[in-house]
Amino acid sequence: MPKTHQLQIQITVFENENELSKQDLFLLNEARKASERAYAPYSNFWVGAAIELQNGEVIWGSNQENAAYPSGLCAERTAIFSASVRFPNEIIKTIAIAAKPKGSNDFIAISPCGSCRQVMSEYENKQEKPIRMIMEGADKSIYILTSIADLLPLKFAKESLNL
Ligand code: THU
C-alpha cells in the first residue's frame, strides 16, 4: 500500500518590521535599498537582495533584465554569485529580499523563484551550514526561514548525480 507523507517546513511570521531584531531589520533595509539598483525596464518590478556574510560584509544584488528575456537574472542570484566571487570561502549567514513596482514606495510580498531556490540550495550545501532567509510577506508582515532547505523540499543536489 502506498503511504502519504506530510512534509513540514518552518516559517516564522513577524507582524511587522518592528518585531525584527536590529540586525535583521538592517539587512532587510539593505535589500530594500538594493532594489533601487534594479535594471528592470521590461517588468518594472524592482527586486533587491542583501547577503550578510560571517565576516560582516554585506553584498547586494538586484534583478538585471535583458531584451532577450531569459538572459536576465534575479536579484537573489546576482547577490549570491557576487558573494561567491568576492568571498569564495566565507559563510553566508542570511539573505534578505525585497520587491516593489518601479517608482512605488511600498514593498510587496516576494518569494524566490524556483531557479533561485536551487542556486541558494547549492551554496547552502557547499558551506554545510544553513542560510537564513528574510522576505517581505503580505500586509507588511515579514517571514523568516532558518534554512533554504525549507524552500526546496525534495531538492536535487550533488548526491542525486551519483558521481
Ligand atoms: N525576480 C527576482 O529578481 N527575484 C525573484 O525572486 C522573483 C523575480 C525578477 C526577475 C525579473 O527581472 C522580474 O523580477 C519579474 O519577474
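Criteria and thresholds
Residues numbered from 1 in each chain as written. Predicted model: local features only at pLDDT ≥ 70, side-chain atom pairs only at ≥ 80, totals over all residues. Heavy atoms only, no water. Near = heavy atom within 4 Å. Polar contact = N/O pair within 3.5 Å; in protein donor to acceptor, adjacent residues only side chain to side chain. Areas by Shrake-Rupley, 256 points an atom, 1.4 Å probe, with all protein chains shown as cover. 1 Å grid on protein atoms, 1.4 Å probe; cavity = no way out; pocket = protein on both sides within 12 Å on 5 of 7 lines; lining within 4 Å. Sits in = over half its atoms within 2 Å of the grid points. Helix = DSSP H or I, 4+ residues; strand = E, 2+ residues; numbered from the N terminus. Nonpolar A, V, L, I, M, F, W, Y, C, P; charged D, E, K, R; others polar. Pairing = 2+ DSSP bridges. Axes fitted to C-alpha atoms, helices over the stretch in contact; angles between N-to-C directions.

A. Main features of the site of the ligand. Taken together, Ser43, Phe45, Val47, Asn63, Glu65, Cys74, Ala75, Glu76, Ile110, Ser111, Pro112 and Cys113 form the complete shell of residues around the ligand. A distance of 2.9 Å separates an oxygen atom of the ligand from a polar atom in the side chain of asparagine 63. Taking alanine 75, its main chain carries an N or O atom lying 2.9 Å from an oxygen atom of the ligand. The protein chains hide 75% of the 370 Å² of surface that the ligand would expose on its own. Because more than half of its atoms lie within 2 Å of the grid, the ligand is assigned to the largest pocket. Listed by contribution, the elements that provide at least two residues to the shell around the ligand are strand 2 (45-53) and helix 2 (75-86). Tallied by class, residues from the shell around the ligand come to 7 nonpolar, 3 polar and 2 charged.

B. Geometry of the sheet that holds strand 6 (residues 142-145). Reading across from one edge, 1-6-5-4-2-3 is the order of the 6 strands in this open sheet, with mixed pairing throughout. In this open sheet, the two strands that pair with only one neighbour each are strand 1 (12-14) and strand 3 (58-62). Each strand axis lies, on average, 20° off the axis of its neighbour in the sheet, ignoring direction. Pairing analysis gives 4 bridges linking strand 5 (residues 132-136) to strand 6, with the strands arranged antiparallel.

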